[in-house]
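As a plain string of letters, each chain reads:
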Amino acid sequence: MEIGDNRLHDIQEMLLQWYLENQRDLPWRRHSNAYYTLVSEIMLQQTKVATVIPYFERFIKRFPTVYDLADASDDDVVKLWEGLGYYSRARNLHAAIKEVVATYDGVIPNEKEKISKLKGIGPYTTGAVLSIAYKQKVPAVDGNVMRVFSRLFDMEDDIAKPATRKKMEAIAEQIIPDRSPGDFNQALMELGATVCTPKSPECLFCPIRNFCKGYQAGREHILPIKTKAKAPKKASVIMFGVKWNNKLLVQKRPSSGLLANMWALPTENRMEEMPYISQIEEYCEMNQYSAKISEDVYRFEHIFSHRHWKIILISMELSENPVYLPKRSIWVDEQSVLEFAFPKVYQKALEQLGYRN
DNA sequence: AAAGCGGGGAC
DNA sequence: GTCCCAGCTTT
């Protein structure tokens, strides 16, 4: 990718000026604080600004400094992440900040080799923190930047391919200015989020449309090239609302895979070959439950990025103290259930069972 | 290089 | 319904 010196300088200046005048007022932009930058960047991974704002506000209010976060329990951290998704981000951020306190005297490192070794911090977040918080000339290539570049240079590379991100970083290296590299990176992302949008880009409001090869070719609508994601795989599950003595049985999910380590209702994969009633009876037998099973079941669906669950929720009231506790399970007082952090799919189920805020 | 990992909003 | 978002880790 060759960019003439004159055009390069103009693109830099136009973008920086546009960003100065048009940047959104966001909570993490109100102070220069590497901790705020890191928290916001982790939350913003695959997540829109509007969704993140209330989570960021609550998180910083509860954990104002790296020391507050390092001292917190994992349960408290995940509770503040409840509903935001990709929960390993919360656990990784917690681990990273603990490492910062333990190893770097509470200062988020400003060297690429060090910060990129922290849990959950990949190439994008490394570049974002180094450029925004520490004003270093390091690229930060996210989905927005790839879309902007794809159109600006009329590129045919598939942005879904890992190799394309490397190529985009090489381009960013050439474009990023010595002056205000952090603002420049944010300008590219802000442009992608507000003007150079995936659908119906508003090229007439774009500060660099005069340099845009895609726009000049009339190809802005079909760029960027991106292979489609596969449809989520379908699965059927049964969730069990098990009550006894005014307590509800909640279970920690397995430590890997979907919703790893999150609190949940006991969930079993549906045995398609038998009626679900039979599977429920078998489940009770296996756990030695003598239970009165509610007549009505609640059916609903939930779509994750790679899975599509059809869910049958059944409720049962045990008539005697169960002999043993299922693996990774605890009894929770009914009024305390919502103090635990549940992913959305289980929040829906719990709401149906009468647990709601 | 590809798969797995949440949830939401825009259309 | 489809697309995709201020991505990272594991396989």
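Residues numbered from 1 in each chain as written. Chains lettered and ligands numbered in written order. Predicted model: local features only at pLDDT ≥ 70, side-chain atom pairs only at ≥ 80, totals over all residues. Heavy atoms only, no water.

## Concerning the packing of aromatic side chains
Under the counting rule described, the total for this entry stands at 12 aromatic pairs. Geometrically, the ring pair formed by F149 and F153 is tilted, given 6.0 Å between the ring centres and 50° between the ring planes. With relative accessibility at 1%, the residue F149 sits in the buried group. Judged by relative accessible area, which is 13%, F153 ranks as buried. With a centroid separation of 5.1 Å and 80° between ring planes, the pair formed by F304 and W309 is classed as edge-to-face. The pair F304 / W309 is uniform in exposure class, with both members buried. Among the aromatic side chains, those forming a connected cluster through ring pairs are W28, Y35, Y36 and F56. Over the ring of Y55 we find R58, and its NZ or CZ is 4.9 Å from the ring centre. (Phe/Tyr/Trp six-rings, centres within 6.5 Å; stacked < 30°, edge-to-face > 60°. Buried < 20%, exposed > 50% of the residue type's maximum accessible area, 1.4 Å probe, protein only. Lys NZ or Arg CZ within 6 Å of the ring centre and 35° of its normal.)

## Topic: the domain arrangement of chain A
If you check the domain split of chain A, you get domain 1 (5-216) and domain 2 (233-352). The C-alpha-based centres of domain 1 and domain 2 are spaced at 38 Å. The junction of domain 1 with domain 2 conceals about 740 Å² of combined surface from both sides, 52% of it contributed by carbon and sulfur atoms. In this structure, the connection of domain 1 to domain 2 is made through five residue pairs in polar contact (both at pLDDT 80 or more). Counting residues per element, the side of domain 1 that touches domain 2 draws most heavily on helix 5 (residues 74-81), at three residues. (Domains from an automatic or database assignment. Buried area = accessible area lost by both parts, 1.4 Å probe. Polar contact = N/O pair within 3.5 Å; in protein donor to acceptor, adjacent residues only side chain to side chain. Helix = DSSP H or I, 4+ residues; strand = E, 2+ residues; numbered from the N terminus.)

## So, the layout of surface pockets
Summary: where empty space remains is shown by rolling a probe the size of a single water molecule over the atoms. In this structure, the second largest pocket spans a volume of roughly 600 Å³. Lining the second largest pocket are 21 residues, with G85, Y86, L258, L259 and F304 sitting closest to its centre. Put simply, the parts of the chain that give the lining of the second largest pocket at least two residues each are helix 6 (88-103), strand 6 (298-303) and helix 14 (344-352). Of all the elements, helix 6 adds the most residues to the lining of the second largest pocket, at three residues. Taken together, the residues of the lining of the second largest pocket break down into nine nonpolar, nine polar and three charged. (1 Å grid on protein atoms, 1.4 Å probe; cavity = no way out; pocket = protein on both sides within 12 Å on 5 of 7 lines; lining within 4 Å. Points joined across faces, edges and corners; volume = space filled by probe spheres on them. Nonpolar A, V, L, I, M, F, W, Y, C, P; charged D, E, K, R; others polar.)

## Focus: the nonpolar core
Counting 63 residues, the largest nonpolar core has Y35 and F59 as the members making the most contacts within it. Broken down by element, this core gets its largest block of residues, seven residues, from helix 2 (residues 34-43). Counting contributing residues per domain, this core is built from domain 1 (5-216) and domain 2 (233-352), each supplying no fewer than three. Residues in contact with F59, not counting those within four places in the same chain, are Y35, V39, M43, L69, V77, L80, W81 and L93. In terms of nonpolar packing, the next biggest core, distinct from the first, is built from 36 residues, Y124, F153, A172 and I176 among them. (Core = buried A, V, L, I, M, F, W, Y, C linked by side-chain atoms within 4.5 Å. Contact = heavy atoms within 4.5 Å.)

## Some details on helix 2
Of all 10 residues in helix 2, 10 are buried, a share of seventy percent or more. All of the buried residues along helix 2 are A34, Y35, Y36, T37, L38, V39, S40, E41, I42 and M43. Elements in contact with the buried residues of helix 2: helix 3 (49-62), helix 4 (66-71), helix 5, helix 6 and helix 8 (123-132). For helix 2, the side-chain oxygen to backbone nitrogen distance between the N-cap and Y35 is 2.8 Å, and the N-cap itself is N33.

## A short note on the protein's contact with DNA strand C
Taken together, 25 residues form the shell around DNA strand C, and within it R29, Q46, G120, D142 and N144 come nearest. Of everything in DNA strand C that lies within 4 Å of the protein, sugar and phosphate atoms constitute 67%. Within the backbone of G120, one N or O atom sits 2.7 Å away from a phosphate oxygen of DNA strand C. Separating a phosphate oxygen of DNA strand C from a backbone N or O atom of Y124 is a distance of 3.4 Å. Elements represented by at least two residues in the surface near DNA strand C include exactly helix 8, helix 9 (143-152) and helix 11 (181-194). Within the surface near DNA strand C, the residues separate by chemical class into eight nonpolar, seven polar and 10 charged. (Near = heavy atom within 4 Å.)

## Digging into the UniProt feature "domain: HhH-GPD" (unreviewed entry) in chain A
Per the UniProt record, the feature "domain: HhH-GPD" (unreviewed entry) sits at residues 43-194. End-to-end, the C-alpha atoms of residues 43-194 are 19 Å apart, and along that stretch the chain is 64% helix and 0% strand. (UniProt positions renumbered as here; feature names shortened; annotations may be inferred.)

## Looking at the pairing of strand 1 (residues 233-244)
Summarising the sheet, strand 1 and strand 7 (residues 307-318) pair through 11 bridges and their orientation is parallel. Its bridge partner being in strand 7, F240 is matched across the sheet by I314. As paired elements, strand 1 and strand 4 (residues 267-269) share three bridges and run antiparallel to each other. Paired with I238 across the bridge in strand 4 is E268. One ladder, built from two bridges, connects strand 1 with strand 2 (residues 247-252); its direction is antiparallel. Counterpart to W244 in the pairing with strand 2 is K247. Adjacent in sequence and paired antiparallel, strand 1 and strand 2 are bridged by two residues, among which N245 carries a positive phi angle near 55°. (Pairing = 2+ DSSP bridges.)

## Considering the pairing of strand 2
Pairing of strand 2 with strand 8 (residues 329-333) involves five bridges; the strand directions are antiparallel. Bridge pairing in strand 8 places V250 opposite I330. In terms of strand pairing, strand 2 meets strand 3 (residues 263-264) through two bridges, oriented antiparallel. Looking at strand 3, one finds that Q251 is bridged to A264.

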